[in-house]
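Observations on the model geometry
Read off the chains here:
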2 protein chains.
Amino acid sequence: MAHILITSGPTREYLDPVRYLSNASSGRMGAALAEAALDAGHRVTVVSGPVEVAYPAAAEVISIVSTQEMLSACQRVFPDCDCLIAAAAPCDYRPKNVAGQKIHKTGEPLRLEFVETPDIVATLATGKKASQIIVAFALETEEQHRRAMQKLERKRCDLIVVNGPEAIRADRTHVEILDKNGQVVGEFTGGKNEVAKNIFQAIWHRIKT
Amino acid sequence: MAHILITSGPTREYLDPVRYLSNASSGRMGAALAEAALDAGHRVTVVSGPVEVAYPAAAEVISIVSTQEMLSACQRVFPDCDCLIAAAAPCDYRPKNVAGQKIHKTGEPLRLEFVETPDIVATLATGKKASQIIVAFALETEEQHRRAMQKLERKRCDLIVVNGPEAIRADRTHVEILDKNGQVVGEFTGGKNEVAKNIFQAIWHRIKT
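These lines cover the structure that appears in this document, whether it is placed above or below. Because the structure is predicted, anything quoted here is derived from the model rather than measured.

Further remarks concern the sheet that holds strand 4 (residues 43-48) of chain A. Residue and element names in this part refer to chain A. Ordered in space as 5-4-1-6-9-10-11-12, the eight strands form an open sheet in which the pairing is mixed. A strand with exactly one partner marks an edge of an open sheet, and here the two such strands are strand 5 (60-63) and strand 12 (184-191). Adjacent strand axes in the sheet meet at a mean angle of 15°, parallel and antiparallel pairs treated alike. Relative to strand 12, strand 11 (residues 172-179) is paired through seven bridges, and the arrangement is antiparallel. Across the sheet, the residue bridging to H174 is T189, located in strand 12. Along the sheet, helix 2 (residues 67-77) makes contact with strand 1 (3-8), strand 4 and strand 5, crossing strand 1 at roughly 180°.

On to the interface of chain B and chain A. At the interface, 39 residues of chain B touch 39 residues of chain A. Each partner contributes to the roughly 3800 Å² buried at the junction of chain B and chain A, and carbon and sulfur atoms together form 50% of this total. Broken down residue by residue, the surface that chain B buries against chain A is led by B:Y20, B:Y93 and B:K105, which jointly contribute 16%. At the boundary of chain B with chain A, the tally comes to four salt bridges. Connecting chain B to chain A are 19 residue pairs in polar contact (both at pLDDT 80 or more). Contributions of two or more residues to the side of chain B that touches chain A are made by strand 3 (19-23), strand 8 (110-116) and helix 4 (144-155) of chain B. At seven residues, strand 8 of chain B tops the list of elements feeding residues into the side of chain B that touches chain A. Considered class by class, the residues forming the side of chain B that touches chain A number 15 nonpolar, eight polar and 16 charged. Taken together, the five bridges between strand 8 (residues 110-116) of chain A and strand 8 of chain B define a ladder with antiparallel strand orientation. Bridge pairing in strand 8 of chain B links A:L110 to B:F114.

Residue and element names in this part refer to chain A. One way to put it is that helix 1 (residues 28-39) packs onto helix 5 (residues 192-204) with a least axis distance of 8 Å and a crossing angle of 55°. Taken together, the axis directions place helix 1 and helix 5 in an arrangement best described as oblique. The chirality of how helix 1 crosses helix 5 is right-handed. Each of R28, M29, A32, L33, A36, A37 and D39 in helix 1 lies in contact with helix 5, whose residues at this interface are K192, N193, V195, A196, K197, I199 and F200. Of the residues that constitute the contact of helix 1 with helix 5, the class distribution is nine nonpolar, one polar and four charged.

Now for the relation of the copies chain B and chain A. Of the transformation placing chain B onto chain A, the axial shift is 0.0 Å and the rotation is 180°, giving an RMSD of 0.0 Å. What the rotation and shift describe, once combined, is the action of a two-fold rotation axis. Residues of chain B ranked by C-alpha distance from the rotation axis are headed by B:L21, positioned 2.3 Å from it. A share of 100% of interface residues in chain B that are also interface residues in chain A marks the association as one of identical surfaces.

Another aspect to go through is the pattern of salt bridges. As enumerated under the stated definition, the model contains 22 salt bridges over all chains in all. Across the pair B:D16 and B:R19 runs a salt bridge whose closest N-O atoms are separated by 2.5 Å. Assigned by exposure class, B:D16 and B:R19 land together as buried. With a shortest N-O distance of 2.9 Å, B:R146 and B:E143 are connected by a salt bridge. For B:E143, a relative accessible area of 42% puts it in the partly exposed group. Three or more residues joined by partner-sharing salt bridges are found here, namely A:D16, A:R19 and B:D92.

Let us look at the sheet that holds strand 8 of chain A. The strands making up a sheet associate through hydrogen bonds between their backbones, and the pairing can be parallel or antiparallel. Strand order across the open sheet formed by four strands is 7(A)-8(A)-8(B)-7(B), with antiparallel pairing between neighbours. Whereas interior strands pair on both sides, the edge strands pair on one side only; in this sheet they are strand 7 (93-95) of chain A together with strand 7 (93-95) of chain B. The mean angle between the axes of side-by-side strands here comes to 40°, regardless of whether they run parallel or antiparallel.

Let's shift gears to the pairing of strand 6 (residues 83-86) of chain A. Residues and elements named next belong to chain A. Residues C83 and I85 line one face of strand 6 and the alternating positions L84 and A86 line the opposite face, and both faces are buried. Where strand 1 meets strand 6, four bridges bridge the pair, whose relative direction is parallel. Bridge pairing links T7 to A86 in strand 6. The sheet contact formed by strand 6 and strand 9 (residues 133-139) spans four bridges and is parallel. Within strand 9, the residue paired with C83 across the bridge is I133.

Cut-offs and rules
Residues numbered from 1 in each chain as written. Chains lettered and ligands numbered in written order. Predicted model: local features only at pLDDT ≥ 70, side-chain atom pairs only at ≥ 80, totals over all residues. Heavy atoms only, no water. Pairing = 2+ DSSP bridges. Helix = DSSP H or I, 4+ residues; strand = E, 2+ residues; numbered from the N terminus. Axes fitted to C-alpha atoms, helices over the stretch in contact; angles between N-to-C directions. Contact = heavy atoms within 4.5 Å. Buried area = accessible area lost by both parts, 1.4 Å probe. Salt bridge = Lys/Arg side-chain N within 4 Å of Asp/Glu carboxyl O. Polar contact = N/O pair within 3.5 Å; in protein donor to acceptor, adjacent residues only side chain to side chain. Nonpolar A, V, L, I, M, F, W, Y, C, P; charged D, E, K, R; others polar. Parallel < 35°, antiparallel > 145°, perpendicular 65-115°, else oblique. Left-handed = near helix turned anticlockwise from the far one by under 90°. Least-squares fit on C-alpha atoms with pLDDT ≥ 70 in both. Buried < 20%, exposed > 50% of the residue type's maximum accessible area, 1.4 Å probe, protein only.

So, in structure tokens, the structure goes:
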């Protein structure tokens, strides 16, 4: 039995107590991957942003809001895990300054500066053991293969699952899995549950337990 | 039988095909108000941003994403209505420029300019008939009464329901209803369904049918 860490859902980066930057990730791929990993007999920990999806009861779920919180939770759990599947869509920018009170309208444009949040996968990859497998997801709107391979190299992961923005909140999805050599080692189309099962199987025989 | 227009949920303002600005409004108050209005025998139209909440089957629901779309939908429906209850939390800023492709990380801060979105309640109030009632909601983190009265006057509404940010996504809520004279004409604490019923009753005897 391996211990699989799955990140899932969006994160939120608050500008003030009310407004935040986010994306429409539903957490459904994360939930489906958790189900597939549990079905295969593994232990699953999910670190999830705010979602409405129900994770399998047998998964341990750690709920977070921001990208920094997602990273911190993963840093606590990952040393004990055999595999990270980073299916979350964390906010990659946060406001440089967070207002303590609601920003009031003035009639003037609002100029905000955003800074990059920590890269969760790249940070975890830095301390990774040789036996640990890291699988990232890439959501790209253009030049999908080239950008996904850049991401795989920068984040130092073992596999990358590539999909387009139509995957967000959709029931059906199309993904390709690329390895370090840029080879397509899996290509799946279908419902998220079915695709998640296929993705997990493609990852599975690479997990050394 | 009156025709009640209820706005509900958040809106989203996209920066690019993936990222958006929003808030955590759940649509639960809107759904509870719709239920209360239907129970009282009225016709209900809900204009709702993206939410997971289920609206009553007897309500007509118009789904929108952005604040401009919420305004446009309300402008089509409101002339036929007796009352607007603006329970939505529309984004009041949108990015000045929307990127056609996902904004890629460069390592540099991202400077974005946001402009105000149209004020839905104020816009609808401009063309309102004398017989129409407009009820706004004010979510304030400080100086709640003063800011709510400023909002009531600026938006030219008849009543304003005031609550704090703890109302967002919470099951329990505390609200006060202020009239044009700044009088507290109702103050309710409890579950959102119960409070919605009380709010609707307080509005109800002002509706001329």
